[in-house]
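Observations on the three-dimensional arrangement
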Amino acid sequence: MTRRINPITAIAAGFLVIVAILAILGPYAAPHDPYKQHLLERLTGPSWTQDGTSEFLLGTDRLGRDLLSRLIVGLQMSVGVALLGTIIGAVVGTAVGFISGHFEGWIDDILMMIVDIQLSLPFILIALTLLAFFGNSLPLFILLMGMYGWETYARLSRGLVLSAKRQAYSTAIVSLGATSARLYGRHILPNIASALIVQLTLTVPAIILLETSLSFLGLGVQPPDTSLGQILGEGRDYLGSAWWIAVFPGFLIFCITLSVGVVGDALRDKFDPTLKTRRT
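Note that this is a predicted model, so its numbers are computed, not measured. (Residues numbered from 1 in each chain as written. Predicted model: local features only at pLDDT ≥ 70, side-chain atom pairs only at ≥ 80, totals over all residues. Heavy atoms only, no water.)

Moving on to the packing of helix α7 (residues 168-175) against helix α8 (residues 180-216). Relative orientation of the contacting elements α7 and α8 amounts to 170°, with a least axis distance of 11 Å. Taken as axis vectors, α7 and α8 run roughly antiparallel relative to one another. Taking contact as the criterion, the partners of Y169, S170, I173 and V174 in α7 are, on α8, L183, H187, I188 and N191. Tallied by class, the residues present in the contact of α7 with α8 amount to five nonpolar, three polar and no charged. (Axes fitted to C-alpha atoms, helices over the stretch in contact; angles between N-to-C directions. Helix = DSSP H or I, 4+ residues; strand = E, 2+ residues; numbered from the N terminus. Parallel < 35°, antiparallel > 145°, perpendicular 65-115°, else oblique. Contact = heavy atoms within 4.5 Å. Nonpolar A, V, L, I, M, F, W, Y, C, P; charged D, E, K, R; others polar.)

Below you can see the structure in the form of structure tokens.
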């Protein structure tokens, strides 16, 4: 008997597919040039408002740029930064966890001490300090996003590796002469991949919110590039006169993080063996 898909999960997954398509297409999906200024049309409201026009569906910003086009381009930047940062953090954290779980002993103690130090420091302070010392550039900003959450992957993968090493199949593979690289790459990693994938879905929304927060403060993506957080930051000065500049990117950020969280919960329910045991 096939299990029916939760309609809320289906809606969230469908929304994320649309977001992914728009992020891939970027400027090609934008109805206008996102950087072209129409000063005579500045702060024009959405098309359904009294002062809106059909030319600009979601209105324009303080320089007369089409807000919908800028949201699409900003979506591409925010999603790209979040995905790259998540992948960097996952790769680094998982590698640290595998090294720690393999060697154990004093190497494990040192690596876990570094993880504890990372967990004890507010990451926003680390980000502000690095940006103040090294300046702001897009590669540095992406690497900074990659530093967020790597310790979670390190602890998770370490625990899973320690548990998998003591399983019967690992002992049998080692006794047959398999190398450590083959043991971890061909057998242990595929067995723990589901837990790491679920963690990925939990980290992406957090990195999106972190990127949004830093860009909102003017410390993230810098002009002429744009992101959802930067558009949101530009709109804070016009909440009374041009509410759409801040409301639409904020609502889009909310929908993305909520959808990723819903899909992540569904993946956790599917892959978590303890939940399956409880249901049976």
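Let us look at the packing of helix α4 (residues 123-134) against helix α5 (residues 138-147). In the contact formed by α4 and α5, the axes pass within 11 Å of each other and the chain directions differ by 155°. When the axes of α4 and α5 are compared, the pair comes out roughly antiparallel. Crossing handedness for the pair α4 and α5: right-handed. On α5, the residues that touch F123, I126, A127, L130, L131 and F134 of α4 are L140, L144 and M147. Looking at the contact of α4 with α5 residue by residue, the class counts come to nine nonpolar, no polar and no charged. (Left-handed = near helix turned anticlockwise from the far one by under 90°.)

The next subject is the packing of aromatic side chains. Pairs of aromatic rings are described using the distance from one ring centre to the other and the angle between the two planes. Under the definition given, this model contains five aromatic pairs. Centre to centre, the rings of W243 and F248 are 5.7 Å apart; their planes meet at 55°, and the pair counts as tilted. Using a relative accessible area of 32% as the deciding quantity, one classes W243 as partly exposed. Among the residues examined, F248 registers a relative accessible area of 16% and is labelled buried. Through successive ring pairs, a cluster of aromatic residues spans W48, W243, W244 and F248. (Phe/Tyr/Trp six-rings, centres within 6.5 Å; stacked < 30°, edge-to-face > 60°. Buried < 20%, exposed > 50% of the residue type's maximum accessible area, 1.4 Å probe, protein only.)

The full count for this structure, using the stated rule, is five salt bridges. The partner of R70 in a salt bridge is D61, and the shortest N-O contact between them spans 3.6 Å. Neither residue differs from the other here; R70 and D61 are each classed as buried. D116 is paired through a salt bridge with R155; the nearest N and O atoms lie 2.3 Å apart. A residue pair is termed long-range when its members are at least 10 positions apart, and D116 in helix α3 (residues 105-120) and R155 in helix α6 (residues 150-165) qualify at 39 residues. (Salt bridge = Lys/Arg side-chain N within 4 Å of Asp/Glu carboxyl O.)

Moving on to α6. When the terminal C-alpha atoms of α6 are compared, their 22 Å separation across 16 residues agrees well with the 22 Å that a helix rising 1.5 Å per residue should span. Residues of α6 that are buried include every one of W150, E151, Y153, A154, S157, V161, L162 and A164, and no others. The buried residues of α6 occupy an angular sector of 160° when the element is viewed end-on, so they sit on one face. For α6, the elements touching its buried residues are α2 (67-103), α3, α5, α7 and α8. (Expected span 1.5 Å × (residues − 1). Arc of directions from axis to C-beta.)

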